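Close look at the chain arrangement
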Amino acid sequence: MPTFELTLAPGRLTLAQLRALWMRPHVLRVAAEARRGVDAAAAVVAEVVARHDTVYGVNTGFGLLARTSIGDARLAELQRALVRSHSAGTGEPLGAPLLRLVIALKAASLARGFSGVRWSVIETLIELNNRGVLPRIPSQGSVGASGDLAPLAHLASVLIGEGEALEDGRVVPGGEALSKAGIAPVELGPKEGLALLNGTQVSTALALAGLFAAERTLAAALVAGAMSVDACLASDIPFDARIQALRGHRGQADVAAVYRALLDGSEIRASHLHCHRVQDPYSLRCQPQVMGACLDQLRHAAEALLTEANAVSDNPLVFAEDRAVLSGGNFHGEPVAFAADNLALALAETGALSERRIALLMDASLSGLPPFLVEDGGVNSGFMIAQVTAAAAASENKALAHPRSVDSLPTSANQEDHVSMATGAALRLAPMARNTAAIVAIELLAAAQGIELRRPLVTSLPLREVLATLRRDVPFWDRDRAFAPDLARACAIVEDGRLDSYVELFGH
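Here's a quick rundown of the structure.

Cut-offs applied
Residues numbered from 1 in each chain as written. Predicted model: local features only at pLDDT ≥ 70, side-chain atom pairs only at ≥ 80, totals over all residues. Heavy atoms only, no water. Helix = DSSP H or I, 4+ residues; strand = E, 2+ residues; numbered from the N terminus. Rg over C-alpha atoms; globule rule 2.2 N^0.38 Å. Buried < 20%, exposed > 50% of the residue type's maximum accessible area, 1.4 Å probe, protein only. Lys, Arg positive; Asp, Glu negative; His and termini not counted. Charge placed at Lys NZ, Arg CZ, Asp CG, Glu CD. Salt bridge = Lys/Arg side-chain N within 4 Å of Asp/Glu carboxyl O. Pairing = 2+ DSSP bridges. Expected span 1.5 Å × (residues − 1). Arc of directions from axis to C-beta. Contact = heavy atoms within 4.5 Å. Phe/Tyr/Trp six-rings, centres within 6.5 Å; stacked < 30°, edge-to-face > 60°. Patch = residues over 30% accessible without salt bridge, like charges linked within 9 Å, V, L, I, M, F, W, Y side chains within 5 Å. Areas by Shrake-Rupley, 256 points an atom, 1.4 Å probe, with all protein chains shown as cover. Polar contact = N/O pair within 3.5 Å; in protein donor to acceptor, adjacent residues only side chain to side chain. Core = buried A, V, L, I, M, F, W, Y, C linked by side-chain atoms within 4.5 Å.

Focus: the overall build of the chain
For the chain, the helix and strand inventory stands at 21 helices and nine strands. A compact globule built from 508 residues would reach a C-alpha radius of gyration of about 23 Å, and the chain, at 26 Å, matches this within 12%. The principal-axis extent of the C-alpha atoms belonging to the chain is close to 85 × 50 × 40 Å. Relative to its 508 residues, the chain shows a buried fraction of 55%. Side chains of the chain give 45 positive and 54 negative charges; the mean places of these two sets differ by 2 Å.

A closer look at the pattern of salt bridges
Summed over all chains, the structure comprises 30 salt bridges. Notably, a salt bridge pairs Lys 180 with Glu 176, separated by 3.3 Å at the nearest N-O pair. One end of the pair, Lys 180, and the other, Glu 176, are both in helix 7 (residues 174–181), four residues apart, so they sit about a helical turn from each other. The exposure class assigned to Lys 180 is exposed, which follows from its relative accessible area of 52%. Connected through shared salt-bridge partners, Glu 47, Arg 51, Asp 53 and Arg 323 make up one network.

Structural notes on unusual backbone geometry
Most peptide bonds take the trans configuration, and most residues that are not glycine carry a negative phi. The omega torsion of the bond from Asn 315 to Pro 316 falls at -5 degrees, within 30 degrees of zero and hence cis. Along the polypeptide, Pro 316 turns up in the loop between helix 14 (287–309) and strand 8 (317–319). Geometrically, the link from Arg 455 to Pro 456 is a cis peptide bond, its omega value of 15 degrees lying close to zero. With respect to the helices and strands, the residue Pro 456 is situated in the loop between helix 19 (429–452) and helix 20 (461–473). Notably, Lys 191 is not glycine yet its phi reads approximately 75 degrees, a positive angle. Turning to its location among the elements, Lys 191 is positioned in the loop between helix 7 and helix 8 (192–197).

Remarks on the sheet that holds strand 7 (residues 170–173)
Across the sheet, three strands lie side by side as 4-6-7; this open sheet has antiparallel pairing. What marks the edges here is a single partner per strand, and that holds for strand 4 (134–135) and strand 7. Of the strand pairs in this sheet, strand 6 (residues 164–167) and strand 7 are connected by four bridges, and their pairing is antiparallel. Counted as the bridge partner of Glu 167 is Arg 170 from strand 7.

With respect to helix 17 (residues 384–400)
Its 17 residues place the ends of helix 17 25 Å apart at the C-alpha level, agreeing with the 24 Å of an ideal helix rising 1.5 Å per residue. Looking at helix 17, one finds that the buried residues are Ala 386, Gln 387, Ala 390, Ala 393, Ala 394, Asn 397 and Leu 400. Along the axis of helix 17, the buried residues cluster in a sector spanning 135 degrees; they form a single face. The exposed set on the far side of helix 17, more than 90 degrees from its buried face, consists of Ile 385, Lys 398 and Ala 399. Structurally, helix 17 contributes buried residues whose contacts are with helix 15 (334–362), helix 19 and helix 21 (483–495).

A short note on the packing of aromatic side chains
Using the criterion set out here, one finds six aromatic pairs in the structure. A centroid spacing of 5.4 Å and a plane angle of 50 degrees characterise the contact between Trp 22 and Phe 212, whose relative ring orientation is tilted. Here Phe 212 lies in helix 9 (residues 201–231) and Trp 22 lies in helix 1 (residues 15–23), a separation of 190 residues in the sequence. Its relative accessible area of 16% is what places Trp 22 among the buried residues. Of the residues examined, Phe 212 reaches a relative accessible area of 1% and is grouped as buried. On the basis of an interplanar angle of 75 degrees and a centroid distance of 5.3 Å, the ring pair of Phe 383 and Phe 483 is categorised as edge-to-face. Here the residue Phe 383 occupies a position in the loop between helix 16 (364–367) and helix 17, and Phe 483 occupies one in helix 21, the gap between them amounting to 100 residues. Its relative accessible area of 15% is what places Phe 483 among the buried residues. Joined through ring pairs, the aromatic side chains of Phe 383, Trp 477 and Phe 483 make up one cluster.

Quick notes on a nonpolar patch on the surface
Taken together, Met 384, Ile 385 and Val 388 make up a surface patch of nonpolar side chains, about 250 Å² in accessible area. Along the chain, the position of Met 384 falls in helix 17.

A look at the side chain of Thr 459
By the secondary structure assignment, Thr 459 is in the loop between helix 19 and helix 20. Engagement of the side chain of Thr 459 in a polar contact is seen with the side chain of Asp 230, the distance being 2.6 Å. Excluding residues within four positions of it along the chain, Thr 459 makes contact with Asp 230, Ser 266, Ile 268, Ile 451 and Arg 464.

Some points on the pairing of strand 6
Only one face of strand 6 is covered, namely the one carrying Ala 165 and Glu 167; the face carrying Glu 164 and Leu 166 has none of its residues buried. Hairpin geometry of strand 6 and strand 7 is characterised by an intervening segment of two residues between the two adjacent antiparallel strands and by a positive phi of about 55 degrees at Asp 168.

Some words on the nonpolar core
In this structure, Leu 128 and Met 227 are the most contacted members of the largest nonpolar core, which totals 155 residues. Top element by residues in this core is helix 9. It accounts for 21 residues. When neighbours within four sequence positions are excluded, Met 227 is seen to be in contact with Leu 444, Ala 447, Ala 448, Ile 451, Leu 463, Val 466, Leu 467 and Leu 470. In terms of nonpolar packing, the next biggest core, distinct from the first, is built from 10 residues, Val 49, Val 55, Leu 75 and Val 318 among them.

These figures capture arrangement, not role.
See the structure below:
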């Protein structure tokens, strides 16, 4: 059982809590005060059934079949059939960090008390996480409207003792996984299958994971960019606070402050205060403007995704105080799609700017360093092909950054005639983050090489600490060797967040 604990306060989740859950397993609890509202909404659903009122998803079919009324004797069958038929996903299964987020988000949403499910359904959902029963959820199959129907159906199928679960890397029947964990399958009541399937929790979890990876990548890119400034004998004047104040963008000012702190006290900078160079290339000089804009996008996406993480996004919604059940469209994933698209733009630009600085470091005429950062060039090719790898990753990200939110294909016989594609928008963030992490890792290694080639001059204290972190895993490049192992170790430094403490912008 996990050693960390997290109490979910419905409607009051924080990014810090979600980030922690993404990073490591937690024992989950739902705040006890939520039960009153949950029980009240469930009672309203029971009243609807007793009065034989016609309410979508309670005693009707779904989608275009909503005009079909279902008799009381078949209401449980209706919910089971919904879960079974909608378990139609494909593709690679979601990993454990994403599954933890999906379960927590779904439980917190249901516990808001507007979905009409019984408290026992939420308790069982939480127990899946706490006892290590992770549903096997295929990553593809949602268009981000009517919620993430197919992925969430795979979650619900394990909850009722069907579907598949992951156990120590193996795929096992969902019923078997529940039995081993001592969890009784849920017998779905009216509306409960629909409440579990409706919602944006999968796309939101994917986008949150993309956000958290983008935060780490941007932090590492700021560190790498500062190192490249010193390695290229570039100026820190463009980071002056007075310049940023005239532009007025918060992200730009914050990023410039990070660069000033990282470069403060550098002997390398002091050595060329009065050099002949007037201005540096844009990839060095305009870092506050570009990376500040990326930071602003991350912050905007974070705000939107936190709102969505705390939302009730299924349909119909139960308002117990008014004894009303209202159909709406909170399941439409457009806010998540927009946030994911903006994150994709930030990831692509972070990598694009980093790749351009790598190219500068390779060019002896611009950097003043040995060609491709290696002595005895000719015999040794140095970082030549590492820059090619960075260019390939940056180019791939350009294609992946194309906005998904502008796409739509009608589904359900045109009942669902506009969809958000939020899940696909969020799903592509993981490969984009890996690409950008690889680019930034190459820049870290190249800039470290350049700084060490400036000896006996040394860089600032913070950047010397970063250099020491790199050198514990990757030695100086004195002659050619296989680059891939070095790159893998540097990527791990970026992706593990080991440089986050040098860039305190995200409240870690």
